[in-house]
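Working through the structure, step by step
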Amino acid sequence: MNPAQDRSECTSLPVMSVVDPDRARERDSTIWGLLLAAGTSNRYGTENKLLEPIHGEPIIRHATRALVSSSVDGVTLVAGHQADDIRTAVAGFDVEIRVNDNYEKGQSTSVRTGIEAMCEHEADAAVIALGDMPCIASSTVDRLITAYVTENRPALAAAYRGQRGNPVLFDAQFFDALVDVTGDVGGRRLLLSVDDGAAVETADPGVLRDIDRPSDLRDLE
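Residues numbered from 1 in each chain as written. Predicted model: local features only at pLDDT ≥ 70, side-chain atom pairs only at ≥ 80, totals over all residues. Heavy atoms only, no water.

Side note on the confidence of the model for the protein chain
- For the protein chain, per-residue confidence averages 89 on the pLDDT scale, and residues scoring 70 or more make up 92% of the total.
- Across residues 1–11 the pLDDT falls below 50, and counting only partners more than four positions away or on other chains, this stretch makes 35 contacts in the model. (pLDDT = per-residue confidence, 0-100. Contact = heavy atoms within 4.5 Å.)

Below you can see the structure in the form of structure tokens.
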């Protein structure tokens, strides 16, 4: 689900606008936030990029705040590499932490761990976010939820100026398919295969800004 890999694929999804993100709270469904934070940061270098500071706080703390401050009913963070340090970095936030012991086998294993938690919480849908994207606004999460609730769209991705990014939202009907994904990918292929999926214009450039290398972090400072 790395937006930097294939932004051109956004053209295969219709792009829609959500005017009022506050409508995300007007719902009966249970929507859970899932934050993937288990990777080894191979492309970043020797340091765990999620623990690198930006504006005085670790990257993972910024990413966590976006979900916690939104209208999701709860947040599950999947840790793996340096899990104890990640736990310390998000201390004080009301998040559930699940540890993926198979994190070295790719992002799909973290998705699987997270979706198992979604099922335990009986979630009707999950908003899946990435721990290395510290600039996403909580209103962006609420725009995805509003589109899900009001437009009956079961699979959604955040977009900025027509470019698809993250986070993404999947209805529970896709949980089994997400569990079956393999390798170092998330739900990107599934999203693009859904007939009534869509990209939601958010006016939030943060949906395209992931941190892969030290230069990406310097660009945000």
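Regarding the pairing of strand S9 (residues 163–171)
- Within S9, eight of the nine residues are buried, which leaves it mostly tucked inside the rest of the structure.
- Here strand S7 (residues 125–130) runs beside S9; their pairing, made up of four bridges, is antiparallel. Among the inter-strand pairings, Ala126 is bridged to a residue of S9, identified as Phe170.
- Bridge analysis of strand S8 (residues 155–160) against S9 gives five bridges, and the strand direction is antiparallel. Note on S9: the bridge partner recorded for Leu156 is Leu169.
- Here S8 hands over to S9 after two residues, with Arg161 in that stretch at a positive phi of 50°. (Buried < 20%, exposed > 50% of the residue type's maximum accessible area, 1.4 Å probe, protein only. Helix = DSSP H or I, 4+ residues; strand = E, 2+ residues; numbered from the N terminus. Pairing = 2+ DSSP bridges.)

Considering helix H4 (residues 138–151)
- The end-to-end C-alpha separation of H4 is 20 Å, in line with the 20 Å expected for 14 residues at 1.5 Å each.
- All of the buried residues along H4 are Thr140, Val141, Asp142, Arg143, Leu144, Ile145, Thr146, Ala147 and Tyr148.
- Asn152 lies just past H4 and shows a positive phi near 55°. (Expected span 1.5 Å × (residues − 1).)

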